[in-house]
Every structure is written in C-alpha cells, then in structure tokens.
Amino acid sequence: MLARKSIIPEEFGLPGLASRLPRKPVFRDRVNKARFIAKNGSCNLAHKNIREQGRFLQDVFTTLVDLKWRFTLVIFTTTFVSSWLLFAMSWWLVAFAHGDLDPVRQNKTHCVTDVKSFTSAFLFSIEVQVTIGFGGRMITEQCPTAITVLILQNIVGLIINAVMLGCIFMKTAQSNRRAETLIFSRHAVIAVRNNRLCFMIRIGDLRKSMIIGATVRLQVVRKTTTPEGEVIPIHQIDVQTESAVASNSLFLLAPLIICHIIDKNSPLYELSDMELQCSDLEVIVILEGVVETTGITTQARTSYVSEEIQWGHRFVPIVTEEEGVYSVDYSKFGNTVKVATPRCSARELDEKPSILIQTLQKSELSHQNSLRKRNSMRRNNSMRKGAGGGGGGGGGLRRNNSGLAASPKVQFFTPSDGSQSMNAVT
C-alpha cells in the first residue's frame with residue numbers, strides 16, 4: 001500500500017526545516033581542558049623529573065622563602081636546637097679536657113663556672129647563643145680554647161638569626177600578599193567602542209595606597225601548529241592594549257577598563273562569536289607595579305578562557321560623584337549590560353562596514369519599538385483606570401440616587417469668564 005501523500009510540502013515539513021537550519025558545529029569536549037593561569041593568579045604547571053636538585057641548595061635563602069610556613073618553622077627550630085646541642089658538646093669537651101668535671105679539682109679555677117654535667121653545658125650554650133646571661137655560669141680567662149668556642153658560637157648564632165629574620169620578613173612582606181587587593185573582573189567582554197571591536201576587562205585596587213608605575217600586559221595562550229608541523233602546546237602571543245599606546249604606566253586611582261582593539265595584529269581578529277566560544281585560547285592578564293608603602297614590586301595575574309568572555313556586553317559605570325567626593329561602588333564591579341554588537345569577526349567587520357551600521361540601526365529600531373510599546377501600555381492602563389473609576393463613580397451615584405428618595409440639592413460655584421455660574425447636583 002502506498003503511503004499517503006501529505007498536504008504540506010516536504011520542504012516545509014519538520015525534516016525539511018530541520019535540514020535547512022544552520023547546525024552548530026560539534027567540537028570536542030572541553031571539560032577537562034586545563035588552564036595555564038588560575039583565576040587567583042597561580043600557575044597551573046607541575047615540574048617533573050628534575051635531576052639537578054642541587055641547584056635549589058645553592059640558593060638556600062630563596063628556597064627557604066618559597067617553602068611553606070610549617071616547613072620553614074621546622075627547619076629553623078631544628079637548626080637552633082642542633083646548634084645548641086653541638087656547642088653544648090663543645091663546652092662539655094672543654095670542661096672535660098680541663099678537668100672541670102673531676103670532683104677532686106673542685107677548688108681549682110674552671111674554664112666555665114658551674115658547668116658540671118652535659119645538662120649544665122647545654123644551658124650555658126643556650127645562654128651564650130641567645131645572650132640571656134643569667135649570671136650563674138660564666139667563662140674565665142684560664143682556657144684559650146673556651147674563648148675560641150665562645151667566638152665561634154656567637155658568629156654562628158648571628159648568622160642563624162640573620163637568616164631567620166630575613167626569611168620571616170620576606171615571607172610576611174611578599175609581593176603576592178599585596179596582590180590580594182588587586183582585583184580583576186570575573187568576565188571579559190567584547191563590544192564596539194569607537195566603531196571598532198574591542199576586548200575589555202576591568203581592574204581595580206581595593207587599598208588607598210597606590211601602585212606606582214602600574215603596567216598591564218595581555219597575552220593569548222593557545223595550542224598552535226607551525227607550517228612545518230611543529231606543535232607548540234603553549235604558544236604565547238603578546239596583545240597590545242590601548243593604554244600602553246598612550247603611556248607606559250597606569251594611574252590606578254580608581255577602577256579602570258583595559259581595552260584591546262581587535263585589529264589586524266590581534267590574535268582575535270578572525271574569531272567570531274561562535275568561533276570564540278569553541279576555541280581553546282586563554283587570555284592572560286598581568287598587572288605589575290611598585291607598592292607605594294614598601295617599595296616592593298608586586299604582580300597580580302589572572303586569565304580568561306573562552307567561556308568567561310561575554311560577546312556583546314559592556315561594563316556598567318561604578319564611579320559616581322556624591323557630595324563633592326567620587327564614590328566607587330564595588331558591588332557592581334563585574335556587572336555587565338548587553339549592547340548592540342555584530343556577531344561576526346573583526347575581519348568581516350573591516351571588509352563590510354555596513355554590518356556595524358545595520359546592527360546599530362536594528363538596535364535603535366528595537367529600542368524605539370520597546371519605548372512605544374511601553375508608552376502604549378501605560379496609556380491603556382491609565383485609560384482603563386480612568387474608565388473603571390468613572391464607571392464606579394456613576395454606579396455609586398445611581399445607587400445613592402435610588403437609595404435616597406429625596407436628596408438635598410448641593411450647590412457650588414465655578415468661576416467662568418470672570419463671572420460665577422451656579423450648578424446644582426441632585
């Protein structure tokens with residue numbers, strides 16, 4: 001039996017319409033895609049199979065500063081206790097060699113008074129290195145060896161104290177601590193500014209102490225393949241910012257919007273909205289400057305992957321003037337608003353400038369239509385309210401007139417053309 005022929009043509013049926021709809025390209029899953037720089041600025045990089053571990057010991061100070069606090073404190077405690085025990089053994093040997101530990105020679109002069117055992121030698125070692133000086137034990141001039149040990153212990157103690165204080169100061173005043181108050185917007189945006197597609201982010205400083213000579217650098221990191229077939233897993237491409245063209249530093253007094261014009265030299269030049277969302281690129285933002293209070297150079301970093309780049313959005317203003325003072329509302333720091341933006345790439349926009357004009361015209365028409373709809377809805381609502389109020393009043397008057405057999409006349413005067421006319425309402 002032949003199938004019944006449909007009344008609706010096949011090209012207008014659901015299969016035909018589905019075949020003509022533009023299908024979104026299918027790309028590989030990017031859930032497990034690792035980012036090079038985390039949002040907090042830490043580098044997502046693991047070093048493996050390092051054979052020359054001795055290079056870290058050649059720079060002991062930097063190694064101690066880079067260690068975590070618990071490891072640093074354990075190392076310092078072990079170093080102090082070991083030095084005390086080492087010199088305690090030295091003092092005990094000096095006393096043993098001089099015969100101070102012999103009970104028969106109690107009346108003779110000792111090298112160190114009141115050092116009669118290893119425990120007393122250990123206590124004396126702590127007193128010498130920490131310069132406590134309780135006064136019960138002291139060195140005499142009878143033993144040149146004891147004087148030499150005293151000088152060595154003082155030198156070693158000063159070196160250990162200097163290293164410890166330097167490491168603690170550097171760990172507490174590290175530049176990454178200052179970077180905690182340098183913030184970046186959660187998302188980056190792409191919108192039209194001055195008739196050009198621009199990639200924009202917002203940066204800010206939460207402290208009142210400024211960052212002197214602040215500079216911002218942008219880099220695009222993605223996997224590329226050269227014409228010779230070489231695969232570069234982390235290809236870093238420098239991105240020029242609009243602020244860097246005008247000057248070499250930023251005056252980071254209030255939150256600023258860093259703008260990158262997507263031109264022919266930009267790695268985003270040939271990417272449209274759809275291609276950007278499906279790409280594996282990562283935009284790294286590096287903010288560097290000198291801390292005003294300490295003079296230490298600090299660096300704050302963050303990155304934006306394709307999912308964190310909003311196409312057709314713009315940052316809302318957050319700086320207002322209130323009673324002669326500029327106020328910054330950080331609750332709206334990362335807020336964006338949709339704006340009219342072509343979905344094509346910057347290259348297509350340069351080749352066909354009419355796309356931008358048409359997009360802006362459509363946006364203006366849609367905005368005018370929305371305003372007209374709002375105004376018409378407001379008029380209809382006001383007319384309905386007025387009609388409902390008038391009808392309700394008339395019904396009330398009817399009910400009042402029907403309920404009252406004889407209602408008194410109420411007279412009032414209304415001025416008209418310089419004269420008064422009298423009206424009566426029953």
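About the criteria used
- Residues numbered from 1 in each chain as written.
- Predicted model: local features only at pLDDT ≥ 70, side-chain atom pairs only at ≥ 80, totals over all residues.
- Heavy atoms only, no water.
- Phe/Tyr/Trp six-rings, centres within 6.5 Å; stacked < 30°, edge-to-face > 60°.
- Helix = DSSP H or I, 4+ residues; strand = E, 2+ residues; numbered from the N terminus.
- Buried < 20%, exposed > 50% of the residue type's maximum accessible area, 1.4 Å probe, protein only.
- Lys NZ or Arg CZ within 6 Å of the ring centre and 35° of its normal.
- Disulfide = S-S within 2.5 Å.

**Overview of the packing of aromatic side chains**
Next up, step 1: For the structure shown, the criterion picks out four aromatic pairs.
Next up, step 2: Consider the rings of Phe 80 and Trp 84, whose centres lie 5.9 Å apart with planes at 40 degrees: the pair is tilted. Taken as a pair, Phe 80 and Trp 84 lie in helix H4 (residues 69-98) at a separation of four residues, close to a single helical turn. Like Phe 80, the residue Trp 84 is buried in the burial classification.
Next up, step 3: Considering the side-chain rings of Trp 91 and Phe 124, the 5.0 Å spacing of their centres and the 80 degrees angle between planes classify their relative orientation as edge-to-face. Here Trp 91 is found in helix H4, whereas its partner Phe 124 is found in helix H5 (residues 118-130), with 33 residues between them in sequence.
Next up, step 4: Relative accessible area serves as the criterion here: at 2%, Trp 91 is assigned to the buried category.
Next up, step 5: The ring of Trp 69 has Lys 171 sitting right over it, with the charged end atom 5.1 Å from the ring centre.
Next up, step 6: The side chain of Arg 202 reaches across the aromatic face of Phe 333, ending 5.9 Å from its centre.

**Things to note about the state of the cysteines**
Next up, step 1: All told, the structure shown has one disulfide when counted by the stated rule.
Next up, step 2: Residue Cys 111 pairs covalently with Cys 143 via a disulfide, S to S 1.5 Å. Residues Cys 111 and Cys 143 share a disulfide whose torsion about the S-S bond is about -50 degrees; that sign makes it left-handed. Here the residue Cys 111 occupies a position in the loop between H4 and H5, and Cys 143 occupies one in the loop between H5 and helix H6 (144-172), the gap between them amounting to 32 residues.
Next up, step 3: The closest cysteine sulfur to the non-disulfide-bonded Cys 198 is located on Cys 259, 3.5 Å from its own sulfur.

So, to be careful, I would describe these as geometric facts and stop short of saying anything about function.
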